[in-house]
Amino acid sequence: MNEGYQDPGDSPRRPSLPPAFRLVALECVGSTNDEARRLVADADAEDGTLVWAREQTGGRGRLGRDWNSPRGNLYLSLILRPECPLSEAVQLGFVAAIALCDAIGTVMPPMVEAQVKWPNDILVNDCKIAGFLLETVLSSDGSMQALLLGMGVNVRHYPEDARYPATSLRAEGAASDVDEVAVLEAFSRHFLKWTNRWLDEGFSPVRANWLHRAKGRGERIEVRLPNETLHGVFRDLDEAGALCLDREDGGDLRRIYAGDVFFAE
Amino acid sequence: MAEFELDEDLVKRLSQLLKDADLSEIEYEAGGQRIRVARQIHQSVSAPMPAAAPVASAHLNAAPAPSAESSEPVPAGAVTSPMVGTIYLAAEPNAPAFVQVGDSVREGQTLVIVEAMKVMNPLPAPRAGTVTRIFVSDGQPVEFGEPLLVVE
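What you see is a predicted model, and the numbers here were worked out from it, not measured in a lab.

Visitor: Pulling in residues and values, what's your account of the overall build of chain A?
Guide: When its secondary structure is counted, chain A shows five helices and 12 strands. Against the 2.2 N^0.38 benchmark of 18 Å for 265 residues, chain A shows a C-alpha radius of gyration of 18 Å, consistent with a compact globule. Along the longest, intermediate and shortest principal axes, the C-alpha atoms of chain A span 55 × 45 × 35 Å. Looking at chain A as a whole, 61% of its 265 residues qualify as buried. In chain A, once contacts between residues fewer than 6 apart in sequence are set aside, the share between residues at least 24 apart is 65%.

Visitor: So what about the sheet that holds strand β9 (residues 229-237) of chain A? Which residues, and what values?
Guide: Think of a sheet as strands paired side by side through backbone hydrogen bonds, with each pair either parallel or antiparallel. All names here are of chain A. As summarised here, the arrangement of the five strands in space is β11-β10-β9-β8-β12, forming an open sheet in which the pairing is antiparallel. Taken across any chain shown, the strands that pair with only one partner, and hence form the sheet edges, are β11 (254-256) and β12 (260-263). Averaged over all adjacent pairs, the angle separating strand axes in this sheet is 45°, with direction ignored. Sheet analysis places strand β10 (residues 243-247) next to β11, joined by three bridges and oriented antiparallel.

Visitor: If you had to explain the interface of chain A and chain B to someone new, which residues and values would you point to?
Guide: With 51 residues of chain A at the interface, the matching set in chain B holds 44 residues. Here chain A and chain B share an interface that buries about 3,900 Å² over both sides, 63% of which is from carbon and sulfur atoms. Applying the counting rule to chain A against chain B returns zero salt bridges. Contributing elements (two or more residues each) for the side of chain A that touches chain B: α2 (86-89), α3 (91-107), β6 (127-138), β7 (144-153) and α4 (180-201) of chain A. Sort the elements by how many residues they give to the side of chain A that touches chain B and β6 of chain A lands first, with six residues. For the side of chain A that touches chain B, the residue count by class is 25 nonpolar, 14 polar and 12 charged. Pairing of β6 of chain A with strand β8 (residues 119-124) of chain B, which is carried by two bridges, proceeds in the parallel orientation. Within the sheet, the bridge partner assigned to L134 of chain A lies in β8 of chain B and is V119 of chain B.

Visitor: Please provide a residue-by-residue account of the environment of S140 of chain A, values included.
Guide: Summarising the element assignment, S140 of chain A is placed in the loop between β6 and β7. Residues S140 of chain A and A175 of chain A, 35 residues apart in the sequence, show an inter-C-alpha distance of 48 Å. Every residue in contact with S140 of chain A, bar those within four places of it in the chain, is listed here: E107, G108, P124, A125 and P126 of chain B. A polar contact is formed between the side chain of S140 of chain A and the side chain of E107 of chain B, at a distance of 2.7 Å.

Visitor: How would you summarise the domain arrangement of chain A if you had to cite specific residues and measurements?
Guide: Many structure descriptions define interface size as the accessible area lost when the parts assemble. Residue and element names in this part refer to chain A. Along its sequence, chain A is carved into domain 1 (22-213) and domain 2 (220-263). Using C-alpha coordinates to define each centre, domain 1 is positioned 24 Å away from domain 2. Of the residues lining the interface, 15 residues belong to domain 1; the matching set on domain 2 comes to 17 residues. The contact between domain 1 and domain 2 buries some 1,400 Å² in all, and 57% of this surface belongs to carbon and sulfur atoms. Summed over the three residues of domain 1 that lose the most area to domain 2, namely R62, W118 and R207, the buried surface amounts to 46% of that side. The tally of links between domain 1 and domain 2 comes to three salt bridges. Across the pair D236 and R207 runs a salt bridge whose closest N-O atoms are separated by 3.2 Å. The interface formed by domain 1 and domain 2 contains six residue pairs in polar contact (both at pLDDT 80 or more). For the side of domain 1 that touches domain 2, the element with the highest residue contribution is helix α5 (residues 203-213), accounting for four residues. Residue classes in the side of domain 1 that touches domain 2 are distributed as nine nonpolar, one polar and five charged.

Visitor: Quick one: what's the story with the nonpolar core, residue by residue and with numbers?
Guide: All names here are of chain A. One finds L100, I122, L169, F187, F191 and W210 to be the most contacted residues of the largest nonpolar core, which totals 94 residues. The leading source of residues in this core is α3, at 12 residues. Aside from chain neighbours lying at most four places away, what touches I122 is A97, L100, C101, I104, A114, Q115, V116, C127, K128, I129, A130 and F132. V40, V51, I79 and A146 belong to the second-largest nonpolar core, a separate cluster that totals 10 residues.

Visitor: An account of the pattern of salt bridges is requested, with residue identities and associated values reported.
Guide: A pair can form between side chains of opposite charge whenever their charged atoms are brought close. All names here are of chain A. Tallied over the entire structure, the rule returns 27 salt bridges over all chains. Here D260 ties to R65 by a salt bridge, and the two come within 3.0 Å at their closest N and O atoms. Of the two residues, D260 is situated in strand β12 and R65 in the loop between β2 (49-56) and β3 (74-80); the sequence distance between them amounts to 195 residues. On the accessibility criterion, R65 (25% relative accessible area) is partly exposed. When the shortest N-O distance is used, the salt bridge between E248 and R220 registers 2.5 Å.

Rules used in this analysis
Each chain has its residues counted from 1, running along the sequence as written. The order in which chains are written sets their letters, starting at A; the order in which ligands are written sets their numbers, starting at 1. Two thresholds apply to this predicted model, a pLDDT of at least 70 for residue-level local features and 80 or more for giving and counting side-chain atom pairs, whereas whole-chain, interface and lining totals are computed over all residues. Where side-chain values are given, they derive from all heavy atoms of the structure, hydrogens and water being excluded. By the criteria applied, helices consist of DSSP H or I runs no shorter than four residues and strands consist of E runs no shorter than two, each listed in order from the N terminus. Taken over C-alpha atoms, the radius of gyration is set against a globule rule of 2.2 Å times the number of residues to the power 0.38. Accessible area is worked out with a 1.4 Å probe on protein chains only. A residue is then buried under 20% of its type maximum, exposed over 50%, and partly exposed in between. We call two residues in contact whenever any of their non-hydrogen atoms come within 4.5 Å of each other. When DSSP locates at least two bridges between a pair of strands, those strands are taken to pair. Every angle, taken between N-to-C directions, lies between 0 and 180 degrees, and every axis is a line fitted to C-alpha atoms, over only the stretch in contact when it is a helix. Values labelled buried area give the accessible surface lost by two parts on being combined, using a 1.4 Å probe and summing over both. Salt bridges are identified by distance alone: a Lys or Arg side-chain nitrogen within 4 Å of an Asp or Glu carboxyl oxygen. Residue polarity follows a fixed list, in which Ala, Val, Leu, Ile, Met, Phe, Trp, Tyr, Cys and Pro are nonpolar, Asp, Glu, Lys and Arg are charged, and the others, Gly among them, are polar. Whenever two N or O atoms come within 3.5 Å, that pair is a polar contact, provided that in protein one can donate a hydrogen and the other can accept it, and provided that, for residues adjacent in sequence, both atoms are side-chain atoms. Note that the domain bounds were set by an automatic or database domain assignment. The definition of a nonpolar core used throughout is a set of buried Ala, Val, Leu, Ile, Met, Phe, Trp, Tyr and Cys residues joined through side-chain atoms within 4.5 Å.

Below, the structure is given as structure tokens:
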């Protein structure tokens, strides 16, 4: 949606990021995750390499779904090379989600609060404002070469025909000087802060903060899996990051590792 | 056939042998009974990021994972799931599958995607060969270590 804001211009200011990051700034790319994958494969890109594009022509989300990617929003992929096993590295998606919530808190007016939706979406006023797409790069021996943390944040624009209602920071009251560069800078600071906390203290503080921000905890939700749809109460997030669903049909507590969550009206 | 008694000491000894010799699997057969012990050998990537504090779920790296094998043997050449998750046979719904039975694949080529906690894990072929069996269907939940397909 175009809201009549002036074009962001051809040369936004260069983001100022903490030294832990190495910025690869691109005008336009197919998908930042694909570009990040290429940088890992071809250039052995190091941990902290951040691929930022002002526009994506083939932006995608989970299951190859299109991610609408016009200029004015934030699109990035961060190359992470954690030394821990993959089963722990997936926790970085939750680290990123709460870091983005903190970042949104710093650029938005008071009283506007970001919430998380399992597993890695961000909501403002019940509408989707950001999403993550995490992908691994595995070697042929099965070891993890890198984890790619793809992120899209609706800053100026949002799709009106999305499968889940969407919004943008501007539509939710962000000041006119809040642009994708400001969000990128805030996210990078908070991601570094939360990553260090995760490295020092493990998943526990991340999980607690995530649960504090989680929409629908203790409420009835619907979870759509590829081959079935479940109804129940969203109880918890387990140590592995799975959603714990108390099923309505009286079955055991079900741990969900992949699926789409919908909330009751 | 006599009932298969799991000899824990034997499994432990095999596990130790496995570790000492730095092998990925070892099989012991006697009197019509067979025990296979396998583990994943992980090369950790060197990176500036220090290791995370350990949590309970570190199953991917779990060294020797004894699996006394009596019922369903993991077939030779099987590619197994590195995690609990959901299998996708194609990049997106309705797209052609990454591979089909009879396809020849090159090492590193994507075979399937396993999704867990929204992390998409494209599994690369461990070696060049031919896909001879596919055990899973699109959207199916899989367990850690479950055989997904065979590349021979």
